[in-house]
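Structural features, examined
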Amino acid sequence: MREIEEGLETAECSDNEKEELPFVISQAKQSIECWKAHLLRSINQNECRLDIMSGLSAPFIFLVFEWVMKYLPHSFFEIDGGLNDARISPSKGCDDDLSVRLKQYYKNIRIAYLNINSVAGFKLQEVKSVILQGLFDIVILAETKIDADFPDSQFYIKGFRMFRKDRNRHGGGLLIYTRRGLITLRVSHLECVNIETIALSFQTRKNGPKALLMGTYRPPNLSKSVWESQLNNMLLRAGRFNNIFLVGDLNCDLLNPDGGAKDGRALIDLIEVYRLSSLIKEPTRITNTSN
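Residues numbered from 1 in each chain as written. Predicted model: local features only at pLDDT ≥ 70, side-chain atom pairs only at ≥ 80, totals over all residues. Heavy atoms only, no water.

With an unreviewed UniProt entry as reference, the protein is termed Endonuclease/exonuclease/phosphatase domain-containing protein, source organism Stylophora pistillata.

Structure, rendered in C-alpha cells:
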C-alpha cells in the first residue's frame, strides 16, 4: 500500500482522480485491517463453537443464529429471493418504467429515500447496485442500525460522498450518499438532538444557489411535544435557505391528522407556517400498523 501511495505522486490522472484516489486507498487499508480482524474473530468464534459442541450431552442441542454473518466473508453472501421481504434484484435493477421516468429529469436533482431496516448485510449491495445506475443524485437511508464498529469503508460507493449518523445496532441511524459532482457541506448546527437528522447544504455548481437537505428519522416513541419543538427550531434556523428539502420518516399520519396524539395535525401546521409543500400525496407503505 505504501508503494501505491508513493506512486500517486507521479501518476498521470485527472484532478478528480487525484482527489479521490487517496481516499480510496485509505479506505482500502481500513478494509484490510477490518478483514484481518474479521478472520481472527471467525477463527476464535468457530473454535468456541466446536468446544461447545464437543461438550454437549445427548439431550441438548446448540443453535447458531446468523451463522453466515459470523463465519463467511461478505463477498460470499448469497443474494436471492428466498427471504420474505420485498427487495430489488441487482440483476434486474430498478423498474424499467421508473428508470425511464427518472432519466427524463436528468437536469434536476433526483433524491431517493429508503427505510432500509439495517444496512449491515446484503441489502447494501442491492442498494449500491441501484445507486451505481446513476438514477439518483442523493440517496437517504434510514434505520441503518449500525454503530462505530462498522467502518466507513464497508459502505463506500465509488463516485459518491457518504454522511452518516449512527444510533446503535438495534434501531435508528441515517446514512446519506451524495454524488461527487455536487458541492456538499454538512451543516451540523442545524441537526436535531432527538429527531435523528443529517443536514446538508448543496449546490449543483460553484457560485450557484444553495439548497438545504435535511434527512430525518423520528423514533415512533418520541413525544409530540419534543419532536414538534425541535423540528420547529430546526426549520426556523434554516430560514436563510430559499430551498429546503425535508426528507425522511417522521411517523406522522397526514391522512388521519387528528388521530391519536394528533402528530399529523402538528406536522401539517408546521408545513403551513414555513410555506412548505408535501410532495407525497398517497401512502407509500400500507400495513395494519403503518402510519
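To continue, consider unusual backbone geometry. Apart from glycine, the bulk of residues carry a negative phi angle, and the bulk of peptide bonds sit in the trans form. For N117, which is not glycine, the phi torsion reads 50° and is therefore positive. Tracing the sequence through the fold places N117 in the loop between β1 (111–115) and α5 (122–131). Exposure remark for N117: the relative accessible area of 37% places this residue in the partly exposed category. Phi is positive for E143, which is not a glycine, with a value near 50°. (Helix = DSSP H or I, 4+ residues; strand = E, 2+ residues; numbered from the N terminus. Buried < 20%, exposed > 50% of the residue type's maximum accessible area, 1.4 Å probe, protein only.)

Another point: a nonpolar patch on the surface. A contiguous nonpolar surface patch, about 530 Å² in accessible area, is contributed by L50, I52, M53, L56, F60 and F62. Within the element layout of this structure, L50 appears in helix α2 (residues 15–54). (Patch = residues over 30% accessible without salt bridge, like charges linked within 9 Å, V, L, I, M, F, W, Y side chains within 5 Å. Areas by Shrake-Rupley, 256 points an atom, 1.4 Å probe, with all protein chains shown as cover. Salt bridge = Lys/Arg side-chain N within 4 Å of Asp/Glu carboxyl O.)

So, about the sheet that holds strand β6 (residues 196–203). Pairing within the open sheet is mixed, and its four strands lie in the order β5-β6-β7-β8. The two strands at the open ends of the sheet, each matched to only one other strand, are β5 (183–186) and β8 (243–249). Adjacent strand axes in the sheet meet at a mean angle of 20°, parallel and antiparallel pairs treated alike. Each of β6, β7 (211–217) and β8 touches helix α6 (residues 224–237); the most contacted strand, β7, lies at about 170° to it. (Pairing = 2+ DSSP bridges. Axes fitted to C-alpha atoms, helices over the stretch in contact; angles between N-to-C directions. Contact = heavy atoms within 4.5 Å.)

Turning next to the packing of α6 against helix α7 (residues 263–273). At a closest axis distance of 11 Å, the pairing of α6 and α7 adopts a crossing angle of 15°. As the angle between them shows, α6 and α7 are arranged roughly parallel. Judged by the twist between their axes, the crossing of α6 over α7 is right-handed. Where α6 abuts α7, its residues K224, W227, E228, L231 and N232 lie against D263, A266, L267 and L270. Of the residues assigned to the contact of α6 with α7, the class counts are five nonpolar, one polar and three charged. (Parallel < 35°, antiparallel > 145°, perpendicular 65-115°, else oblique. Left-handed = near helix turned anticlockwise from the far one by under 90°. Nonpolar A, V, L, I, M, F, W, Y, C, P; charged D, E, K, R; others polar.)

All right, on to the pattern of salt bridges then. For the structure on display, the rule yields eleven salt bridges. Across the pair D137 and R110 runs a salt bridge, and its minimum N-O distance is 3.7 Å. Of this pair, D137 sits in the loop between α5 and β2 (138–142) while R110 sits in the loop between α4 (96–103) and β1, and the two are 27 residues apart along the sequence. Of the two residues, D137 and R110, both sit in the buried class. The closest approach of N and O atoms between R218 and D263, which form a salt bridge, is 3.7 Å. In this pair, R218 is assigned in the loop between β7 and α6 and D263 in helix α7, connecting sequence segments 45 residues apart. One exposure class covers both R218 and D263, and it is buried. What you see here is one network of salt bridges that share partners, running through R110, D137 and R179.

With that settled, consider the packing of aromatic side chains. Tallied over the entire structure, the rule returns two aromatic pairs. Centroid distance F150 to F155: 6.4 Å. Interplanar angle 40°. Geometry classified as tilted. Classification of F155 by relative accessible area gives buried; the value is 0%. Residues F202 and F245 carry aromatic rings whose centres are separated by 6.1 Å and whose planes lie at 35° to one another, so their mutual orientation is tilted. With F202 in strand β6 and F245 in strand β8, the pair connects residues that are 43 residues apart, well separated along the chain. (Phe/Tyr/Trp six-rings, centres within 6.5 Å; stacked < 30°, edge-to-face > 60°.)

Taking strand neighbours across the sheet as the criterion, the four strands line up as β1-β2-β4-β3 in an open arrangement whose pairing is mixed. Only two strands of the sheet have a single partner each, and these edge strands are β1 and β3 (160–165). Here the average twist between neighbouring strands, direction ignored, is 15°. Across five bridges, the pairing between β1 and β2 is parallel. Bridging from a neighbouring strand, A112 pairs with V139 of β2.

Next up on the list: the side chain of R164. Positionally, R164 belongs in strand β3. Among the polar contacts made by the side chain of R164, one reaches the main-chain carbonyl oxygen of D147 at a distance of 3.1 Å. Once you skip the residues sitting within four places of it in the chain, R164 turns out to touch I146, D147, F150, P151, D152, F155, L174, L175, R186 and I198. (Polar contact = N/O pair within 3.5 Å; in protein donor to acceptor, adjacent residues only side chain to side chain.)

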